[in-house]
Amino acid sequence: MDTEESSIPKVDRKTLKAEKKKKKKEELLKNLERRELLKEAVANSAKPVPKNILSGLSNDVKGRDYTVSFAIPGSILDNQQTPELRSYLAGQIARAAAVFSVDEIVVYDDEGVKDSENTDLNTKKSRGVEQLSRILMYLECPQYLRKHFFPLHQDLQFAGILSPTDMPHHLRTDDASVYREGVVSDKQVKEGHCLVKIGLKSDCLVNMALKPGIRVTVRLKEGYEFDSKLKGTVVSPSEPRTKAGLYWGYNVRVAPNLSSVFTGSPYKGGYDLSLGTSEKGTNVDTCEIPKFEHLLIVFGGVAGLEAALEADDNLDADDPKDLF
């Protein structure tokens, strides 16, 4: 038997070993690099929305007089296979609203769910509408107020693991802001006044008697952090936007159908500009958006706005584009 032909030379074996070692090292480096990229992606997705905290009002501060609303069907949650994914999708919607300073989110029913007692009325909310609206309201509420407004509920089972929206009104104790959200306390004080819990070490006294348990927006005096007793004024929830130009979260409105999205507008005169999204529509890059006071953007579900239009008996239009 010829040993020279059957055996591999020593030099070749060393070369093979070195190559294997090199490959292993390269694979290890690739895996480490992937891990680092994954960590970075997770960290970026969890980064808070940049805050614009105002510690005082001045003549240089300009308000924002326009509003942005968007409507989205609750049925989009029905396409998610697990409760975790349903919660995650709702969290992404809340985060997008915070990033783009959306003032109102309308959750509407695009499936035409009928009431079992009266089949002529779409009064029974779909499961997706209930869950989506509840999670959106939960994520908009400052952390220190959630225990007052949101008892334990199965819809919020996975809300605690979602990335925080960290909106400007989600203030910490050491954040000095002239505006704060609070809940009226049931502690007894002098007549015509009440105490409001605003996420600070002590409650704030306001010169207005209000029902305990309701949520209010409070304007504090400049330099309040140096006062021994906190005093403030209850203002409209829109004041931080209109007077200080701050983004102050969004309101959640539930609509039983597509037509109620338009007719139930909280603004006087309704929405002066409404846009519908569709794969059959015009490319957004070619559209010119005119000036507006109250903008509404309507999104369709998996089946599009066509399905929402068909399920709504109050609308006579044959094509969604006729609504916008």
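Relevant structure appears above.
Remember, it's a predicted structure, so these values are computed and weren't measured experimentally.

> I'm lost on the overall build of the protein chain in this one. Help?
Tallying secondary structure elements over the protein chain gives 8 helices and 10 strands in all. A total of 324 residues make up the protein chain; the buried ones form 38% of that total. Intrachain contacts of the protein chain at a sequence separation of at least 6 include 67% that bridge at least 24 residues. Entry remark: accessible area of the protein chain is about 20,300 Å², with carbon and sulfur atoms responsible for 52%.

> Explanation requested: the pairing of strand S3 (residues 179-184) in the structure shown.
Each regular strand carries side chains that alternate between the two faces of the sheet. Within S3, 6 of the 6 residues are buried, leaving the element largely enclosed by the surrounding structure. Across the two faces of S3 the burial is the same, with Tyr 179, Glu 181 and Val 183 and Arg 180, Gly 182 and Val 184 all buried. The pairing of S3 with strand S6 (residues 215-220) spans 5 bridges and is classified as antiparallel. Each bridged residue has a counterpart across the sheet, and for Arg 180 the counterpart in S6 is Val 218.

> Quick question: what am I supposed to make of the packing of helix H3 (residues 83-99) against helix H4 (residues 127-140) here?
When two helices pack together, their arrangement is given by the angle between their axes and by how far apart the axes lie. Packing of H3 against H4 leaves a shortest axis separation of 9 Å and a crossing angle of 55°. Of the possible angle classes, the one that applies to H3 and H4 is oblique. Crossing hand, H3 versus H4: right-handed. Across from Arg 86, Ser 87, Ala 90, Gly 91, Ile 93 and Ala 94 in H3, the residues of H4 making contact are Arg 127, Gly 128, Gln 131, Leu 132, Ile 135, Leu 136 and Leu 139. Counted by class, the contact of H3 with H4 contains 7 nonpolar, 4 polar and 2 charged residues.

> Help me understand the nonpolar core, please; the structure alone is not making it clear to me.
Among soluble globular proteins, nonpolar side chains are generally buried collectively. By size, the foremost hydrophobic cluster in this structure holds 32 residues, and its most contacted members are Ile 105, Leu 132, Leu 136 and Tyr 250. Put simply, the parts of the chain that give this core at least two residues each are strand S1 (67-73), H3, strand S2 (104-108) and H4. Considering every element that reaches this core, the biggest residue donor is H4, with 6 residues. Those residues in contact with Tyr 250, other than ones at most four positions away along the chain, are Ala 94, Ala 97, Val 102, Asp 103, Glu 104, Ile 105, Leu 136, Leu 139, Glu 140 and Met 167. Ranked by size, the runner-up nonpolar core spans 13 residues in total, among them Ile 198, Val 216, Leu 220 and Leu 230.

Reading the values: the criteria
- Residues numbered from 1 in each chain as written.
- Predicted model: local features only at pLDDT ≥ 70, side-chain atom pairs only at ≥ 80, totals over all residues.
- Heavy atoms only, no water.
- Helix = DSSP H or I, 4+ residues; strand = E, 2+ residues; numbered from the N terminus.
- Buried < 20%, exposed > 50% of the residue type's maximum accessible area, 1.4 Å probe, protein only.
- Contact = heavy atoms within 4.5 Å.
- Areas by Shrake-Rupley, 256 points an atom, 1.4 Å probe, with all protein chains shown as cover.
- Pairing = 2+ DSSP bridges.
- Axes fitted to C-alpha atoms, helices over the stretch in contact; angles between N-to-C directions.
- Parallel < 35°, antiparallel > 145°, perpendicular 65-115°, else oblique.
- Left-handed = near helix turned anticlockwise from the far one by under 90°.
- Nonpolar A, V, L, I, M, F, W, Y, C, P; charged D, E, K, R; others polar.
- Core = buried A, V, L, I, M, F, W, Y, C linked by side-chain atoms within 4.5 Å.

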